[in-house]
Amino acid sequence: MDDARITLLDAGWEPPVEGGSLPSPFDELGPSLLARQAAEVLQRELHQGQVAPGIPTSMLEGHEGGKMFGVLVVRLPEGHLGLLRAFSGMLAGRWDVEGYVPPLFDREARANMEPEGEATVKALFARAEAMRASPELLSLRAAHAEQSARHASELAALRERHEVRRKQRHARRAELTGAAEPRASSTPSSLDEAHVRTRVALRDSLHALDQESRGDKAERRRLEAAHESERSSLEPKRMRLERRLRALDRLRHMVSRAVMRRIHDTYVITNMRGERRLLRNLYERAQPPSGAADCAAPKLLAYAQAHGLHPVALAEFWWGAPPPSGGRVTGAYYAACRDKCGPLLPFMLEGLHVAPPRTFTPPPTTPGSLSILFEDRWLVVIAKPHGLLSVPGREATLNDSVLTRLQARYPDATGPLLVHRLDLDTSGLLVAALDARTHSALQHQFVHREVHKRYIAWVDGIVSGEQGRIDFPMRVDLDDRPRQIHDPIHGKPAVTEWRVLERLGDRTRVAFFPLTGRTHQLRVHAAHPLGLGAPIVGDRLYGRDAERLLLHAESLTLLHPGTGERVTFDCPAPF
């Protein structure tokens, strides 16, 4: 086949006989050996400094960041194997790059509507931004903020004065009623007169206090009326502009959705049986996510289907600077994304025999007792090996864990036992409480950062500097659980201090001191460019897989709930 986008492979590339199944693009254990070999062909080209003619690899390290690349090994009609290349989205502002497969959309249809649609959306956005930055609206917002703050301050001051007066009146009433009884007199008539005078004076005094209370209420009503009068002179103007701005934003959103719907309709997806569907009909939501069908895998499969090529092996890998959220490392392989490709690829693959995706499962563990470093009648300190779950997994086959072994060892223990957890791949110290009161006391120390923790790790890279502090918020990646990402808007605070212990070759031995306890905190803080920019060795989620994750919880210092003493437990790293 005469096609510049296909690289012919020699006979040595013949795949092993495995039932003729295409490995699933959602396979969590990584691509097949054949797919890796094909990816290495493209990676060698990238290493040589050129993505394509006129596009240097160094561009992927710039402000635009890296890119997900894909390779697909295909069998040509004449029986030879070939290699296809693709990238996600656009590259250097271009959809078409020499040597890579093209995008899926209908070029003519998109060219006829996209420029006008984008121009309309940009014009609406410009109008909204101009209104948002208009001197009139900014002035009204500033005046509203000043007015609201002043009104709140005046009302708070009035409440404070009224509260002082109320307490004074309360004390005065108590004093008056306590002194209401007249002193005894020598004659009944004088006693009656004194009693009458006292009752009249008490009535008048209590009436005066009531009048004061009503006066306070009237004063508050006058202040509130004055505030309302001030607001009425300002609020209608501000609210009118705010409504116009919201209406403009809604209009822009509606037009943008309409434009995206028309863009999505330029993608007609064909599966390996030759059946065709509009892109948006493959998604349950109202609209496919941004960038759907622009990932490398859909491009590769669409090109293979259109040219009568049979897919044999697929791999996607990252190259260049990580994205702002982190979680991507040059040369590391990644399964197809669930959000964009989850509904799309199964349809595209219909007509092929695709192997079910393999998911990561913990390695078989050796049954037996736990390694107990310390125990008394209050707590237990365990040395958890890597590969053992802290708590049972969701699947019935993943029942073996530190918790289940503790429950077997201490059948009379009360409460949740484990006070904290370690990742499956992390080894080191875990603390368990043998009664509910001790558990609560220990958990309080963890929550309030009163426990001093030290972890040891080897990271993949040379860390600059000798020590420092990493502080950026994190959250779970909703489209790729359990991966965690950096999110300055919705993330929760995550803080880690670190110190370099040793440098050896292209690795660095680091001590981590986590001040918060977010999921995968140390792994993300190590890998992300805002952290060390060097993933922990063996990190299958944020770096490259290896025999094990070289992360170990080496030391714990806490206040013993039973004795009140400050105690430290140590467990040297096994690597």
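Rules used in this analysis
Residues numbered from 1 in each chain as written. Predicted model: local features only at pLDDT ≥ 70, side-chain atom pairs only at ≥ 80, totals over all residues. Heavy atoms only, no water. Helix = DSSP H or I, 4+ residues; strand = E, 2+ residues; numbered from the N terminus. Expected span 1.5 Å × (residues − 1). Buried < 20%, exposed > 50% of the residue type's maximum accessible area, 1.4 Å probe, protein only. Core = buried A, V, L, I, M, F, W, Y, C linked by side-chain atoms within 4.5 Å. Contact = heavy atoms within 4.5 Å. Salt bridge = Lys/Arg side-chain N within 4 Å of Asp/Glu carboxyl O. Pairing = 2+ DSSP bridges. Axes fitted to C-alpha atoms, helices over the stretch in contact; angles between N-to-C directions.

Further remarks concern helix α3 (residues 135-178). Under the 1.5 Å per step criterion, the end-to-end length of α3 is 64 Å for 44 residues, consistent within 8% with the ideal 64 Å. Those residues of α3 that sit buried are L137, L140, Q147, H151, L155, L158, H162, R169 and L176.

Residues L84 and I269 are the most contacted members of the largest nonpolar core, which totals 42 residues. Where this core is concerned, the elements lending two or more residues are β4 (67-75), β5 (81-87), α2 (107-132), α4 (188-264), α5 (296-306) and α7 (344-348). Contacts of L84, omitting those with residues within four sequence positions, involve R5, I6, G70, V71, L72, V74, V101, L300, Y303, A304 and L309. L406, I470, F512 and L541 belong to the second-largest nonpolar core, a separate cluster that totals 39 residues.

It is worth spelling out the pattern of salt bridges at this point. One side chain can pair with another of opposite charge once the charged atoms of both are near each other. Inspection of every chain in the model, using the stated rule, returns 38 salt bridges. Close ionic contact of D216 with R165 constitutes a salt bridge, the shortest N to O distance being 2.5 Å. Here D216 is found in helix α4, whereas its partner R165 is found in helix α3, with 51 residues between them in sequence. For R165, a relative accessible area of 31% gives the class partly exposed. When salt bridges that share partners are traced, they join R161, R165, R169, D216 and E219 into one network.

What follows is about the sheet that holds β4. Taken in spatial order, the 4 strands make up an open sheet running β1-β5-β4-β8, and their pairing is antiparallel. Looking at which strands have only one partner, the edges of the open sheet turn out to be β1 (7-9) and β8 (310-319). Taking the axes of each pair of neighbouring strands and ignoring which way they run, one obtains an average angle of 25° across the sheet. Here β1 pairs with β5 via 3 bridges, running antiparallel.

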